[in-house]
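Report on the structure
So you can see what is in the structure, the chains are spelled out below.
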Amino acid sequence: MANYKSLYQEVILDHNKKPRNYGTIESPSHHAVGHNPLCGDHISVDVVLGDERINNIAFQGESCAICKASASMMTTAIKGKTRAEAETLIQEFLAMATGKLSHDACPNIGRLAVFAGVSDLPTRVKCAILPWHTLSGAFNAVATTSTESEDDPMHAPIGDA
Amino acid sequence: MSAIQTTLKSRSTPAFDVERIRADFPILTLKVNDKPLVYLDNAASSQMPQQVIDRLVRYQTTQHANINRAVHYLSEIATSEFEEARRKLQHFINANEEREVIFTSGTTDSINLVMHGYGRKFIGAGDEIILTTLEHHSNIVPWQMLAEEKGAKIRVVPINDAGELLIDEYEKLFNERTKFVGVMHVSNALGTINPIKEMIAFAHARGVPVLVDGAQAAPHMKVDVQDLDCDFYAFSGHKLCGPTGIGILYGRAALLENMQPFKGGGDMILSVTFEKTIYNTIPHKFEAGTPPIAAAIGLGAAVDYLSEIGMDAIAAHELALLKYASEQINAMPGVRIIGTAEHKAAVLSFAVDGVHPHDIGTLLNQEGIAVRTGHHCAQPVMQRLHVPATSRASFAFYNSMDEVDALIAGIRTVQKIFT
């Protein structure tokens, strides 16, 4: 059964309430917007990538607590890392959130392990991974990403009435 | 309204024993996350009573064969049970003739049938189709496809902040190019009951036929297609305590007879040569291929079950649930009801300050409470009311006042977590 208790724990609620690095950056080197068309959530990610390291990162948008906390914690984890380190962390986070790897098998995941429980909630995985998809899009000069795009690991329509 | 007040006081009318009804639904005894299931997602799909489950089992174990074909025993009994189900549905909606009741796969399929069968034949370039802001995507997208194909135009009836159609504006949309009206009976997102009888009369005075999307109305109130005087009425079996994969299109016989078939194949023909095919008579003209026989018979059993309880009794109990839940929510700081029409069916969309609907849905699920969160396949109405999404509790006659209390307690828990 899904592990909600571990999902809505203090650290996630705190980042939702007081998101870190919230806003935009005037002249980012990399920028992308991510959408989850199923729930209307959208976030933008701005990055300033220096010669070696990510000097600054910010996000902004309308989303649920899981998405906002994921974005906030992503920015704190990514700031100061090299692009290669950031790319590795993106891969680890996506693998953990989609249940392909346990958080123990992700050496760089650190405090982001609080999102491991989301893999038990298929309808909420997209919320957690949207910021990471968007960051990946920014690095790869994809201006707009969507949780419904073909390359989305969770690509699966949620229908209904 | 005195009956409702009595219900509220005693939490159950003498005539409506909700505990006895709940005993018919095996799924309602489930526990979810170690809590008793509180199923409040009935607008998406309703649950099935044992009587319908038993009917499906009896059909499958003693009566199944293909219909309208062979002369053997099973084929004859399956055919007669299938047609008996059609008659049950005819009486359920008070259609004039049984051939006006077409089995489809659901409301979406019914609307697409009308778009292809009627729209493609009778709607052309420059013609106008009137829809409303409230419509479900299934009563928008088929007409957009037709408009694109034919060069027709879609006009949209606006709503007020309460989620009610602006009838003056509806009337102003009519002109000599108006060829069709599509309107939902009850809004799936807000619960608004639209004044369709008056809207139909207005359209008919101008010679314009009307399709009613009854998906959210048929399960909750007595529907009389002759009294409404509608031309088409579409609804789904799985929202009506029946199986998935079955739905109904009611159509006026004179219109159905002039329409193009939607799907070609077996059963919908009288004779086929490579030179010419002669189509079958209605309703068979619109039922190509082997239909979902078991599902149709199951739906017949479902409307028997509902009729025995009585649609008026169902409507009264659901209205009492809605009234009680609305009062509770209105008394909660930080919670707002989305959709406050004067006439509403048992749908309660709400927003909690500072909490995204998806978080509400996940946290209520932790308490065993099933609600729907999202745009409810009605993005235009969400845009109009400036909400990206809502949480929606939708009631059925088997829901109890205790379950409303559980919902309210669940919302309080959500608020506590997010303070």
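An account of the accompanying structure is given in this report.

Here is what the cut-offs are and how they apply
Residues numbered from 1 in each chain as written. Chains lettered and ligands numbered in written order. Predicted model: local features only at pLDDT ≥ 70, side-chain atom pairs only at ≥ 80, totals over all residues. Heavy atoms only, no water. Contact = heavy atoms within 4.5 Å. Salt bridge = Lys/Arg side-chain N within 4 Å of Asp/Glu carboxyl O. Polar contact = N/O pair within 3.5 Å; in protein donor to acceptor, adjacent residues only side chain to side chain. Helix = DSSP H or I, 4+ residues; strand = E, 2+ residues; numbered from the N terminus. Nonpolar A, V, L, I, M, F, W, Y, C, P; charged D, E, K, R; others polar. Pairing = 2+ DSSP bridges. Axes fitted to C-alpha atoms, helices over the stretch in contact; angles between N-to-C directions.

A few words on the interface of chain B and chain A. Of the residues lining the interface, 24 residues belong to chain B; the matching set on chain A comes to 21 residues. Between Arg124(A) and Asp359(B) there is a salt bridge, and its shortest N-O distance comes to 2.9 Å. At the boundary of chain B and chain A, one finds six residue pairs in polar contact (both at pLDDT 80 or more). If one sorts the elements of the side of chain B that touches chain A by residue count, helix 13 (residues 357–366) of chain B sits on top with six residues. Of the residues assigned to the side of chain B that touches chain A, the class counts are eight nonpolar, twelve polar and four charged.

Right, let's talk about the sheet that holds strand 3 (residues 54–62) of chain A for a bit. Residue and element names in this part refer to chain A. Read from one edge to the other, the open sheet built from four strands follows the order 3-2-1-4, with strand pairing classed as mixed. The open sheet terminates on both sides in strands that have one partner only, identified here as strand 3 and strand 4 (144–146). With strand direction ignored, the average angle separating the axes of adjacent strands in the sheet is 20 degrees. In this structure, strand 2 (residues 41–49) lies alongside strand 3, joined through eight bridges in antiparallel fashion. Across the sheet, residue Ser44 finds its bridge partner in strand 3, namely Gln60. Across the sheet, helix 5 (residues 122–139) is in contact with strand 1 (30–36), strand 2, strand 3 and strand 4; its angle to strand 1 comes to roughly 150 degrees.

Attention shifts here to the pattern of salt bridges. This model, assessed by the stated rule, comprises 28 salt bridges over all chains. A salt bridge links Glu83(B) to Arg86(B); its shortest N-O distance comes to 2.8 Å. Residue Glu83(B) and its partner Arg86(B) are both found in helix 4 (residues 73–92); the two are separated by three residues, about one turn of the helix. Each member of the salt-bridge network shares a partner with another, and the members are Asp14(A), Lys18(A) and Arg20(A).

Without other data, these values stay purely geometric and don't point to any function.
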